[in-house]
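Here's the letter readout for the chains.
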Amino acid sequence: MKANGNSFRIFGPDETTSNKLDAVYEASKKFWIAEYFPEDSDGGELAVDGRVMEMLSEHTMEGMLEGYVLTGRHGFFSTYEAFAHVIDSMFNQHAKWLSICNDHSWRRKIASLNLLITSTVWRQDHNGLRTRIRVSWTW
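Counting of residues starts from 1 at the beginning of each chain's written sequence and follows it residue by residue. Restriction of local features to residues with pLDDT of at least 70 applies here, the model being predicted, together with a cutoff of 80 or more for giving and counting side-chain atom pairs; totals for whole chains, interfaces and linings are based on all residues. Derived side-chain values reflect all non-hydrogen atoms in the structure, with water molecules and hydrogen atoms excluded from consideration.

### Some details on helix α1 (residues 58-70)
Stage number 1. Only DSSP runs of H or I with at least four residues qualify as helices, and only runs of E with at least two residues qualify as strands; both kinds are numbered from the N terminus onward. By this rule the span expected of a helix is its residue count minus one, scaled by 1.5 Å. Taking 1.5 Å of rise per residue, the 13 residues of α1 would be expected to cover 18 Å, and the 18 Å separating its terminal C-alpha atoms lies within 8% of that figure.
Stage number 2. Partly exposed residues are those whose accessible area sits between 20% and 50% of the maximum for their type, while under 20% is buried and over 50% is exposed, using a 1.4 Å probe and protein chains only. Restricting attention to buried positions, one finds in α1 the residues Glu58, Met61, Glu62, Leu65, Glu66, Tyr68 and Val69. Taken end-on, α1 shows its buried residues confined to a sector of 165 degrees, consistent with a single buried face.
Stage number 3. Those residues of α1 hidden inside the fold are in contact with β1 (8-12), β4 (52-54), β5 (74-80), α2 (88-101) and β6 (114-118).
Stage number 4. Once α1 finishes, glycine 72 follows within two positions and takes phi at roughly 95 degrees, a positive value. Here, the arc refers to the directions that run from the helix axis to the C-beta atoms. Residue contacts follow a heavy-atom distance rule, with two residues in contact if any of their heavy atoms lie within 4.5 Å.

Laid out in C-alpha cells, this is it:
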C-alpha cells in the first residue's frame, strides 16, 4: 500500500483487524466519510482518504473490488474462509468474463481479482471463539 498510494485498495467485510492485517493501517486508514465523533479517535483507524474499504456485506465489497479493478486499479478482497462461499459465484462469473475479454483485441488487459482467504477451517480464535471445557459437580 505504501508503494501504490493512488490505485491500490483493500476490500473486506469488516475483518481487517481480526484477520491480523492491521499493519496496513501504517500505510492507510479505513475509508470514512460519515460524521466523525470524538469517540471515533479511539483507534478506529478512520480517515477520509483511507484506502481500506470495509462494510459488513461480502457482496457489496466484492462488487466494489470488481469495479475498481475494471478501471485499471489494483486491490484484494479479504475474508474468512467460512464466508468466502458468500461471494464465490460472483468471483466465478467475473473470472469467466475476464476469460472472454482476453479473446478480444480491443479490450485492454485488466488487473486480476485477488482473494485473500484467512482464518482457515476451524481456526476462529482470532474472532473471540475459544474452546473451553467447564466441569462442574453438584452434590
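### Topic: the pattern of salt bridges
Stage number 1. Whenever a carboxyl oxygen of Asp or Glu lies within 4 Å of a side-chain nitrogen of Lys or Arg, that contact is scored as a salt bridge. Applying the stated criterion across every chain yields a total of two salt bridges.
Stage number 2. Salt-bridge contacts for glutamate 45 lead to lysine 29; the nearest nitrogen and oxygen are separated by 2.8 Å. Of this pair, glutamate 45 sits in the loop between β2 (30-31) and β3 (46-47) while lysine 29 sits in the loop between β1 and β2, and the two are 16 residues apart along the sequence.
Stage number 3. Overall, the relative accessible area of 26% leaves glutamate 45 in the partly exposed class.

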